[in-house]
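So you can see what is in the structure, the chains are spelled out below.
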Amino acid sequence: MQLRYSFRLYPDTGQQTALAKAFGCARVVFNDAVRAREDARKVEQPFPRAAELSKRLITEAKQTVERSWLGEVSAVVLQQSLRDVETAYRNFFASLKGTRKGPKVGAPRLKSRKDTRQSIRFTANARWNITDSGRLSLPKIGAVKVKWSRTLPATPTSVTVIKDAAGRYFASFVIDTDPAADQARMPETDRTIGIDLGLTHFAVLSDGTKIDSPRFVRRAEKKLKKAQQELSRKQKGSKNRAKARLKVARAHAKVADARREFHHQLSTKLICENQAIGVEDLSVAGLARTRLAKSVHDAGWSSFIGILTYKAERYGRTLVKIGRFEPTSQTCSTCGVKDGPKPLDVREWTCAACGTVHDRDTNAAINVKTAAGLAVSACGAPVRPGAITARRNRKPRIPDRTLCRVAAQQLVEKARILGLQPEVQVNTPSSARWSCTSTTSSTAPASTSSST
C-alpha cells in the first residue's frame, strides 16, 4: 500500500527563487504539451506520443533562445510534468468511456502562474537524498531545511515539493508500506461499532458515546470575516492586496489543518479500538445544497470517511458502508418496527410498538451497526423485518360501494323468500325498512327485478 508523508519545508531566499523557477518551467512544459495535443485534435491528426513530446518540448526547446531557461532546472521535473499530462488525458478518456470510478472529469486545462497551488515532483533517478543533518537535498535547488514531525517507516520512492495558497512549502514523500508490519501494530479485538454522523454531535457511536462537533469554521468566523473585509478594500493589483490575500489564505489553512488533525485523531482511535466499523454512505453533495450547507462542509464527513477507509485497509480492519436510504432514524432498534419519518428537532421519540424511549442519534448508530451486519443477536434479525411474500390465490378485494350494493340485493332476495316486502326502494342495508305482508301479495321491487 502506498502512502504519503508530508513535512513542512523552510527554504531560504535563494532556494525559494530556485523553486519558483522550477514551478514555472514545469508549468510551461505542461501547457505546451496540452497545446500540442489540442492542435493535433483540431486538424484531426493522431495525438503525438510521449517520446515525441519529450524530444520537441524539452530537448529541442532547450536549444532555442525562447526556451533556453528550461536548462536551469532539473530535467526530471520537466519529464514528470509530461507524465502528468498523459495521466490527465488517460483519466479524461476513461471517464468518457465510463471505466473510471468517481465523478466525471474534464479535459486538461492550461495552468496559470497565479494558481494558488504549485508543485514539482522528483523521482529516484533525480538523485535527491536526505543528508546526515536532516536536510532534503534537491538537484539545482540545494539542501532545504525540513521539520521532521515523525520518522519515515521506509525509503521513499519519490518526493513532491508543494507550495500552497498560504505560501507554505511542503515535501510529500511516497512510501510503500508493509501490510504485515502494519497489521502487527494493531492487535485484533472483538469489538464492533456503528457510527452515526451528524452536525450537533460530529459522531454518535452505538455504545452511547457522543463526540461533539468542533465547528472549526464557526469558531473562526469572525477572524475570517475581518480578513475578507480587509482584502475587499485593497486595490486590485497592489502589494497590499497580495498581503491581504495571503492573510485570508493563512486563516483558512489554519481551519483546514485543525479539521484534518481532528479527523486523523478520531479515526486512529476508532481503528485501534474496534475490529469492524459500520458507517452510512451519506450524500454529502446533496446535503451541501440545503440550508445546512455551511455546517455540512464544516464537518467534513467525506474526508473523515476517506481517512477511515484507508486506515481500515492498512491495519486489517473491516469498514462496512450501508446505503444512504436505510431508515436508521425511523426504525426502532429494539423491536425493528419502522415508526416513520421525524423532523430534525425531534431528538427523542417513543416506539409505538414496544414503548421503548430512544435517543435519535444513538438509535440510528445501533441501526447502522445492525444493518452493516456487525450486531450479534439471538435471532439475527435485520434493522427491519424482511418483505412478506403475498399469496397469489387470494380473492380480489371488492370496493366498498359494490359490496354494499351486493349486500342490499341479498337482503331483498331474502325478504322476498320470507314474505317481507320493503316499503321503499333501497340502495344500502342501512336505509332499508321492512313490514310484514301477505306472501301472496309479495312482489319484488323494481330495482331488484333483474335478480329474481
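Residues numbered from 1 in each chain as written. Predicted model: local features only at pLDDT ≥ 70, side-chain atom pairs only at ≥ 80, totals over all residues. Heavy atoms only, no water.

1. Considering the environment of Lys-145
- Mapped onto the elements, Lys-145 comes out in strand β5 (residues 142-147).
- In this structure Lys-145 comes out as partly exposed when scored by relative accessible area, which is 45%.
- Expressed as a C-alpha distance, the spacing of Lys-145 and Gly-134, which sit eleven residues apart in the sequence, is 7.5 Å.
- When residues no more than four places from it in sequence are discounted, the contact partners of Lys-145 are Arg-8, Leu-9, Tyr-10 and Arg-135. (Helix = DSSP H or I, 4+ residues; strand = E, 2+ residues; numbered from the N terminus. Buried < 20%, exposed > 50% of the residue type's maximum accessible area, 1.4 Å probe, protein only. Contact = heavy atoms within 4.5 Å.)

2. Re the nonpolar core
- One finds Ile-120, Phe-122, Leu-136 and Leu-138 to be the most contacted residues of the largest nonpolar core, which totals 42 residues.
- With eleven residues, helix α1 (residues 13-42) is the single largest residue contributor to this core.
- Discounting chain neighbours no more than four positions away, the residues touching Phe-122 are Ser-74, Val-76, Val-77, Trp-128, Leu-138, Pro-139, Ile-141, Ser-158, Val-159 and Val-161.
- One finds Leu-205, Leu-266, Ile-277 and Val-296 within the second-largest nonpolar core, a separate group that totals 28 residues. (Core = buried A, V, L, I, M, F, W, Y, C linked by side-chain atoms within 4.5 Å.)

3. Comments concerning the packing of helix α2 (residues 50-59) against helix α3 (residues 75-97)
- Contact geometry of α2 with α3 gives a least axis separation of 11 Å together with a crossing angle of 135°. With respect to each other, α2 and α3 are oriented oblique. In this structure, α2 meets α3 at a crossing whose hand is right-handed. Counted together, Ala-50, Leu-53, Ser-54, Leu-57 and Ile-58 of α2 and Leu-78, Gln-79, Leu-82 and Glu-86 of α3 form the full contact between these two elements.
- Tallied by class, the residues present in the contact of α2 with α3 amount to six nonpolar, two polar and one charged. (Axes fitted to C-alpha atoms, helices over the stretch in contact; angles between N-to-C directions. Parallel < 35°, antiparallel > 145°, perpendicular 65-115°, else oblique. Left-handed = near helix turned anticlockwise from the far one by under 90°. Nonpolar A, V, L, I, M, F, W, Y, C, P; charged D, E, K, R; others polar.)

4. Concerning the pattern of salt bridges
- The final tally for this structure, using the stated rule, is 19 salt bridges.
- Residues Lys-294 and Glu-221 are paired through a salt bridge, measuring 2.6 Å at the closest nitrogen-oxygen approach. Here Glu-221 lies in helix α6 (residues 221-232) and Lys-294 lies in helix α9 (residues 293-299), a separation of 73 residues in the sequence.
- As a salt-bridge pair, Asp-339 and Lys-342 come within 3.6 Å of each other at their nearest N and O atoms.
- Asp-339 sits in the partly exposed class, given a relative accessible area of 32%.
- Each of Asp-164, Arg-168, Asp-257 and Arg-260 takes part in one network of salt bridges that share partners. (Salt bridge = Lys/Arg side-chain N within 4 Å of Asp/Glu carboxyl O.)

5. What about the packing of aromatic side chains?
- Inspection of the entire model under this criterion finds eleven aromatic pairs.
- Taking the centre distance of 5.2 Å and the plane angle of 75° together, the rings of Phe-202 and Phe-262 count as edge-to-face. On the criterion of sequence distance, the pair formed by Phe-202 in strand β9 (residues 201-205) and Phe-262 in helix α7 (residues 239-273) is long-range, its members being 60 residues apart.
- For Phe-202, a relative accessible area of 1% puts it in the buried group. (Phe/Tyr/Trp six-rings, centres within 6.5 Å; stacked < 30°, edge-to-face > 60°.)

By themselves, these figures tell us nothing about what the structure is for.
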